[in-house]
Amino acid sequence: MRDERDDPFDNIFDEIERMMNEMTGGDSTGFASETHIDVYDEGEAVRLVADLPGVEKDAIDLKCDGETLTVSAASDRREYDERIRLPVRVDEHSAKASFKNGVLQVTFQKSEDSAAIDVE
């Protein structure tokens, strides 16, 4: 049986929870609580791996502008909406995505470097 006296750690845990709510806007939906996202720079390509537990393949929507990937997904319990800033500019039209066992993988080819402009 738990002792009903004041727990010296109650205030610390309350403060941590308050700070986390401030950082996340107090919203418990989205990637912050259940989803792990990794971005890998693989030389000629960039690969993103995201855990989307409980999500069906048809409920995933991906958009990319070459610099940011937006992942939107929904399950019966949650809605996910995450914007991931990519480490380099990518060719958004080269995207290949797969989803298996709750794990989303998206791969992009890196965009070619900007063209040099000669000044005359």
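Preceding this paragraph is the structure being described.
As the structure is a computational prediction, the values presented were derived from the model and not from experiment.

Asker: When you look at the overall build of the protein in this model, what are you seeing that I'm missing?
Answerer: Regarding its fold elements, the protein presents two helices and seven strands. Scanning the protein from its N terminus toward the C terminus, one meets helices and strands in the order α-α-β-β-β-β-β-β-β. For the protein, the proportion of its 120 residues judged to be buried stands at 24%. Of the contacts formed within the protein by residues at least 6 apart in sequence, a portion of 44% connects residues at least 24 apart. If you sum the accessible surface of the protein, you get close to 9200 Å²; carbon and sulfur atoms cover 46% of it.

Asker: Sorry, what's going on with the sheet that holds strand 5 (residues 79–85) here?
Answerer: Sheets are built from strands paired through backbone hydrogen bonds, the pairs being either parallel or antiparallel. Spatial strand order, 3-4-5: three strands in an open sheet with antiparallel pairing. Looking at the sheet topology across the chains shown, the edges are occupied by strand 3 (60–64) and strand 5. Neighbour-to-neighbour, the strand axes of this sheet turn through a mean angle of 10°, independent of strand direction. Across five bridges, strand 3 lies against strand 4 (residues 68–74) in antiparallel orientation. In the sheet register, Leu62 faces strand 4, and the bridge partner there is Val71.

Asker: How should the sheet that holds strand 7 (residues 103–110) be read in this particular structure?
Answerer: Taken in spatial order, the four strands of this open sheet run 1-2-7-6, and their pairing is antiparallel. Strands at the two margins of the open sheet, each flanked by one partner only, are strand 1 (37–41) and strand 6 (90–100). Strand-to-strand twist across the sheet, computed as the mean angle between neighbouring axes with direction ignored, equals 15°. As defined by bridge partners, strand 6 adjoins strand 7 across seven bridges and the pair is classed as antiparallel. In the strand pairing of strand 7, Lys100 is matched with Val103.

Asker: Mind showing me how you'd approach the pairing of strand 2 (residues 45–51) here?
Answerer: Every regular strand shows the same layout, with side chains that alternate between the two sheet faces. In terms of residue burial, strand 2 counts as a mostly covered element, since five of its seven residues are buried. Where strand 1 hands over to strand 2, the hairpin turn is made up of three residues, of which Gly43 adopts a positive phi near 80°.

Asker: Honestly, the pattern of salt bridges in this entry has me stumped. Any pointers?
Answerer: For side chains bearing opposite charge, pairing can occur when the charged atoms are close. Scanning the entire structure with this criterion turns up six salt bridges. Put simply, Arg47 and Glu42 hold a salt bridge, and the shortest N to O gap is 2.8 Å. Relative accessible area serves as the criterion here: at 21%, Arg47 is assigned to the partly exposed category. For Glu42, a relative accessible area of 41% puts it in the partly exposed group. Where Glu67 meets Arg85, a salt bridge forms, and the shortest distance between an N and an O atom there is 3.5 Å. With Glu67 in the loop between strand 3 and strand 4 and Arg85 in strand 5, this residue pair connects regions lying 18 residues apart in the sequence. Glu67 gets classed as partly exposed once you look at its relative accessible area, which sits at 34%. Given a relative accessible area of 60%, Arg85 falls into the exposed group. Beyond isolated ion pairs, a larger network of salt bridges with shared partners links Glu67, Arg85 and Arg89.

About the criteria used
Residues numbered from 1 in each chain as written. Predicted model: local features only at pLDDT ≥ 70, side-chain atom pairs only at ≥ 80, totals over all residues. Heavy atoms only, no water. Helix = DSSP H or I, 4+ residues; strand = E, 2+ residues; numbered from the N terminus. Buried < 20%, exposed > 50% of the residue type's maximum accessible area, 1.4 Å probe, protein only. Contact = heavy atoms within 4.5 Å. Areas by Shrake-Rupley, 256 points an atom, 1.4 Å probe, with all protein chains shown as cover. Pairing = 2+ DSSP bridges. Axes fitted to C-alpha atoms, helices over the stretch in contact; angles between N-to-C directions. Salt bridge = Lys/Arg side-chain N within 4 Å of Asp/Glu carboxyl O.

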